[in-house]
Amino acid sequence: MHLQVDWVYCYGLDSFTPEWAENARESKYKLKVQKGDFIAVPIPLSDPTLGSGIVGVAAYYYGQTEQEKEQQPPNVTQLFSMYTNNKSYGIGINQQNYWQQDKWRFNATLAYADLQLDLLDENIANIPFKVGWQINGVFAKTQLLRSVADNWYLGIQAKWIENEQTFSTSLDRQDWLFASQTQSIGAGALLQYDSRDNQTNAYNGQRFELDAMFNDQALGSTNTYQSYQIRYRFYKQLLTPLIFAFEARGCNKKGNAPLWDYCTIGLRGFSATNYLDKTSVSSQAELRWRAWKNLGFVGFAGAGEHAKTINSLGEHDAIASYGVGIRYMVLESQRINLRVDYAKSNDDDAVYLSVTEAF
């Protein structure tokens, strides 16, 4: 589950499911509980969108021949759940399959989430204070990719989301944006490139993702709209203990996208609901220093912007984000860090706690 999908579910479940799950069976991660090919891992989290809590991941790994172990990751079924102190919770199941020497990749997710959020974007609510925003619903997504060149995969995808949203106060706008119940059904394509030397904490390499999803009333969707996502990551080891990391991302929605599927600015230092719009761009850079044994430090900075359309980018002031962090490596073999970050933005600040890097 490496792609960023609809941001509600990305924050609720997907972004906290570890990319290192395919290697966790053979790791010596101290918090892991293992019996044969079944493992369970608790993952602490804290961020300004959902609050503080824990994600639980359980996985079953299917058997492989020696040849398959050398050529592709293992097939795995994952169960995951989440609960935070603001009473947000979610549960789900994910299936990952690899065939023909990793020529084909299949990924499917089914989840339910009940999220207690604060709608902080005053331009959306037209109210100069936060509004309680509850979202609950079912999410399903499937992807099938095929290798087309070294490190390149091209594929198709489909999704189904049925949501109900309520607000703690009456809002002036009574349109599709604030509809109490919506259904989103779509199909699309995706392109991936990945040359990173490690999935969770790369020292060298690049990753590129291009995701297009077309939601249409002809398929049963409440609204017709299109969603486009692009992300690029670059990693370079400058010195043995020093890593430079860079990320750029963009998001665009065309048509009548529901509020819960709006673009956000993917930076630290504020809640994801501070800036919601139909277009967003952002970039950030980190300098990662492995200072002493398992202890490390990070400095980061970035900027982002949101707008109604791509052509209107530049009309709003850029949102700056910067901060520092501490890392403690809990699993050397997979470079897995316990991460604590303090980030500051234009008018806000936030503390983050998680396992694995921000990007």
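Refer to the structure printed above.
Residues numbered from 1 in each chain as written. Predicted model: local features only at pLDDT ≥ 70, side-chain atom pairs only at ≥ 80, totals over all residues. Heavy atoms only, no water.

Side note on the pattern of salt bridges
Applying the stated criterion to the full structure yields 21 salt bridges. Salt-bridge contacts for Asp 102 lead to Arg 105; the nearest nitrogen and oxygen are separated by 2.8 Å. For Lys 159, the salt bridge identified is with Asp 261, shortest N-O distance 3.6 Å. Taken as a pair, Lys 159 in strand β8 (residues 152-167) and Asp 261 in the loop between β12 (242-255) and β13 (279-292) lie far apart in primary sequence, 102 residues in all. In terms of burial, Lys 159 and Asp 261 fall into one category: buried. Ionic contacts of the salt-bridge type, sharing partners, join the residues Arg 268, Glu 286, Arg 288, Arg 327, Arg 339, Asp 341 and Glu 357 into one network. (Salt bridge = Lys/Arg side-chain N within 4 Å of Asp/Glu carboxyl O. Helix = DSSP H or I, 4+ residues; strand = E, 2+ residues; numbered from the N terminus. Buried < 20%, exposed > 50% of the residue type's maximum accessible area, 1.4 Å probe, protein only.)

So, the packing of aromatic side chains
Counted according to the given criterion, the structure contains nine aromatic pairs. Pairwise contacts between aromatic rings join Trp 152, Tyr 193 and Phe 208 into one cluster. Between Arg 105 and the ring centre of Tyr 153, over which it is positioned, the NZ or CZ distance is 4.1 Å. Positioned above the aromatic ring of Phe 359 is the side chain of Arg 288, whose terminal nitrogen or guanidinium carbon lies 5.3 Å from the ring centre. (Phe/Tyr/Trp six-rings, centres within 6.5 Å; stacked < 30°, edge-to-face > 60°. Lys NZ or Arg CZ within 6 Å of the ring centre and 35° of its normal.)

Side note on the nonpolar core
In terms of nonpolar packing, the biggest core is built from 34 residues, with Leu 119, Ile 124, Trp 133, Leu 259, Tyr 262 and Leu 276 touching the most fellow members. Of all elements in the fold, only β2 (38-47), β3 (51-61), β4 (76-84), β6 (104-119) and β7 (131-149) reach the threshold of two or more residues within this core. Among the elements that take part in this core, β6 stands out by supplying five residues, more than any other. (Core = buried A, V, L, I, M, F, W, Y, C linked by side-chain atoms within 4.5 Å.)

Some details on unusual backbone geometry
We note that Lys 87 has phi near 70 degrees; this positive angle belongs to a residue other than glycine. Here Lys 87 shows up in the loop between β4 and β5 (89-99). The exposure class of Lys 87 is exposed, given its relative accessible area of 59%. Backbone geometry places Thr 356, a non-glycine residue, at a positive phi of 85 degrees. Position of Thr 356 relative to the elements: it lies in the segment after β17 (349-355).

Remarks on the state of the cysteines
A complete count under the given rule lists one disulfide for this structure. Residue Cys 251 pairs covalently with Cys 263 via a disulfide, S to S 2.0 Å. Around the S-S axis, the bridge from Cys 251 to Cys 263 shows a dihedral of about -75 degrees and counts as left-handed. Residue Cys 251 is located in strand β12, and its partner Cys 263 is located in the loop between β12 and β13; the two are separated by twelve residues in the primary sequence. For the pair formed by Cys 251 and Cys 263, the shared burial category is buried. (Disulfide = S-S within 2.5 Å.)

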